[in-house]
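# Summary of the model geometry
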Amino acid sequence: ETGVTQTPRHLVMGMTNKKSLKCEQHLGHNAMYWYKQSAKKPLELMFVYNFKEQTENNSVPSRFSPECPNSSHLFLHLHTLQPEDSALYLCASSQLASGGTGAGELFFGEGSRLTVL
Amino acid sequence: KQEVTQIPAALSVPEGENLVLNCSFTDSAIYNLQWFRQDPGKGLTSLLLIQSSQREQTSGRLNASLDKSSGRSTLYIAASQPGDSATYLCAVKGTGFQKLVFGTGTRLLVSP
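In what follows, the accompanying structure is described. Small disclaimer: the values here were computed from a predicted structure and weren't measured. (Residues numbered from 1 in each chain as written. Chains lettered and ligands numbered in written order. Predicted model: local features only at pLDDT ≥ 70, side-chain atom pairs only at ≥ 80, totals over all residues. Heavy atoms only, no water.)

Once that is clear, we can look at the sheet that holds strand S3 (residues 18-25) of chain A. All names here are of chain A. If you trace the 4 strands from one edge of the open sheet to the other, you get S1-S3-S8-S7, paired in antiparallel fashion. Both outer strands of the open sheet, strand S1 (4-7) and strand S7 (64-70), are each paired with one neighbouring strand and no more. Recorded for the sheet is a direction-independent mean angle of 20° between the axes of neighbouring strands. One ladder, built from 4 bridges, connects S1 with S3; its direction is antiparallel. Among the inter-strand pairings, glutamine 6 is bridged to a residue of S3, identified as cysteine 23. (Pairing = 2+ DSSP bridges. Helix = DSSP H or I, 4+ residues; strand = E, 2+ residues; numbered from the N terminus. Axes fitted to C-alpha atoms, helices over the stretch in contact; angles between N-to-C directions.)

Another aspect to go through is the state of the cysteines. Taken as a whole and judged by the stated rule, the model has 2 disulfides over all chains. Between the sulfur of Cys23(B) and that of Cys90(B) lies a disulfide, 1.9 Å long from S to S. Between Cys23(B) and Cys90(B) the sulfur-sulfur dihedral comes to about 75°; the bridge is accordingly right-handed. Of this pair, Cys23(B) sits in strand S3 (residues 19-25) while Cys90(B) sits in strand S9 (residues 86-94), and the two are 67 residues apart along the sequence. For the residue pair Cys23(B) and Cys90(B), the accessibility class agrees, reading buried in each case. Free cysteine: Cys68(A), not disulfide-bonded; nearest cysteine sulfur from Cys91(A) at 9.0 Å. (Disulfide = S-S within 2.5 Å. Buried < 20%, exposed > 50% of the residue type's maximum accessible area, 1.4 Å probe, protein only.)

All right, on to the layout of surface pockets then. Empty space among the atoms becomes visible once a probe the size of a water molecule is rolled across them. Considering only enclosed or pocket space, the largest pocket measures out at about 670 Å³ in volume. Considering the residues around the largest pocket, the lining is formed by 29 residues, among which Leu43(A), Glu44(A), Leu45(A), Asn58(A) and Lys99(B) are closest to the centre. At the level of secondary structure, the elements contributing two or more residues to the lining of the largest pocket comprise strand S5 (44-50) of chain A together with strand S1 (4-7), S9 and strand S10 (100-102) of chain B. When the residues that make up the lining of the largest pocket are grouped by side-chain class, the tally is 14 nonpolar, 6 polar and 9 charged. Gln37(A), Lys40(A), Gln38(B), Thr87(B) and Thr104(B) are, among the 26 residues lining the second largest pocket, the residues nearest its centre. When contributions to the lining of the second largest pocket are tallied by element, the ones reaching two or more residues are strand S9 (87-94) of chain A together with S9 and strand S11 (106-111) of chain B. Its residues assigned to classes, the lining of the second largest pocket shows 10 nonpolar, 11 polar and 5 charged. (1 Å grid on protein atoms, 1.4 Å probe; cavity = no way out; pocket = protein on both sides within 12 Å on 5 of 7 lines; lining within 4 Å. Points joined across faces, edges and corners; volume = space filled by probe spheres on them. Nonpolar A, V, L, I, M, F, W, Y, C, P; charged D, E, K, R; others polar.)

Our focus in this paragraph is the pairing of S5(A). Residues and elements named next belong to chain A. With respect to burial, S5 is a largely interior element, 6 of its 7 residues being buried. Pairing analysis gives 6 bridges linking strand S4 (residues 31-37) to S5, with the strands arranged antiparallel. Following the sheet pairing, methionine 32 is matched in S5 by tyrosine 49. Taking the residues that link successive antiparallel strands as the turn, the S4-S5 hairpin has 6 residues, and the phi of lysine 40 there is positive, at about 60°.

On to the packing of aromatic side chains. Between two aromatic rings, the relevant description is the distance of the centres plus the angle of the planes. Per the stated rule, a full pass over the model turns up 7 aromatic pairs over all chains. Taken together, a centroid distance of 5.8 Å and an interplanar angle of 35° make the contact between Phe64(A) and Tyr89(A) tilted. Here Phe64(A), found in strand S7, pairs with Tyr89(A), found in strand S9; they are 25 residues apart in sequence, far enough to count as distant. Both residues of the pair, Phe64(A) and Tyr89(A), belong to the buried class. Judged by centre distance (5.7 Å) and plane angle (35°), the rings of Phe36(B) and Phe102(B) are tilted. With Phe36(B) in strand S4 (residues 30-38) and Phe102(B) in strand S10, this pair connects stretches of sequence that are 66 residues apart. We note that Phe36(B), like Phe102(B), is buried. (Phe/Tyr/Trp six-rings, centres within 6.5 Å; stacked < 30°, edge-to-face > 60°.)

Ranked by size, the top nonpolar core spans 23 residues in total, and within it Leu33(B), Trp35(B), Leu75(B), Ile77(B) and Tyr88(B) carry the most contacts. Those elements that place two or more of their residues in this core are S3, S4, strand S5 (44-51), strand S7 (62-67), strand S8 (72-77), S9 and S11 of chain B. Met32(A), Phe47(A), Leu74(A) and Leu81(A) belong to the second largest nonpolar core, which has 22 residues in total. (Core = buried A, V, L, I, M, F, W, Y, C linked by side-chain atoms within 4.5 Å.)

This paragraph deals with the sheet that holds S8(B). Sheet strands pair by backbone hydrogen bonding; their relative direction is either parallel or antiparallel. Residues and elements named next belong to chain B. Spatial strand order, S1-S3-S8-S7-S6: 5 strands in an open sheet with antiparallel pairing. Each end of this open sheet is capped by a strand with a single partner; those strands are S1 and strand S6 (56-59). Averaged over all neighbouring strand pairs, the angle between strand axes comes to 15°, with direction disregarded. Where S1 meets S3, 4 bridges bridge the pair, whose relative direction is antiparallel. Considered in S3, the bridge of threonine 5 is made with serine 24.

Printed below as a string of structure tokens:
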């Protein structure tokens, strides 16, 4: 497999469910990102991991919990979500310069379409 | 706070036309600017990345320019094709931190 792979592509869950989104990058990058894309709104950065360490939590509610076990895998654990959390969740990766500065080209996965009932 | 605007929000052209998509940003202290394409319900595909020191980048029928002083970038598409129909997004990265700020995109429709 090449690029950035996200599973599942579609997910429907109730507000009391617990589910997880998975992302895997095969590009050898050292940074991974979760973005949320809602209708008619710009992409919103949720979390950033540099070298497996979380460096950004963009005021995301605690019902979203990221996990980055290594530089190739990223999870987004979902718990007691709200209908307004329904959106396309996009994972991305990039190669950062040493020290975590700078940002190379960003590569995205196909996204996970989440519907909360 | 960086703000990115893309105008127009939607554009419809006949096949074969050359067209220009616009992206403007409020803070000229940028690290790079990236253009993406997004097909309905899909992820983003990177088209071109322009570093702050560059003026333009070209890939096939695509040419992206960057004018930092005026806070503008354009994406030029030559000889448009129906397969170019998609939403085009620009994203700007500021200096010092890796957070990208995205515009809301331009939805392009190229009719046969």
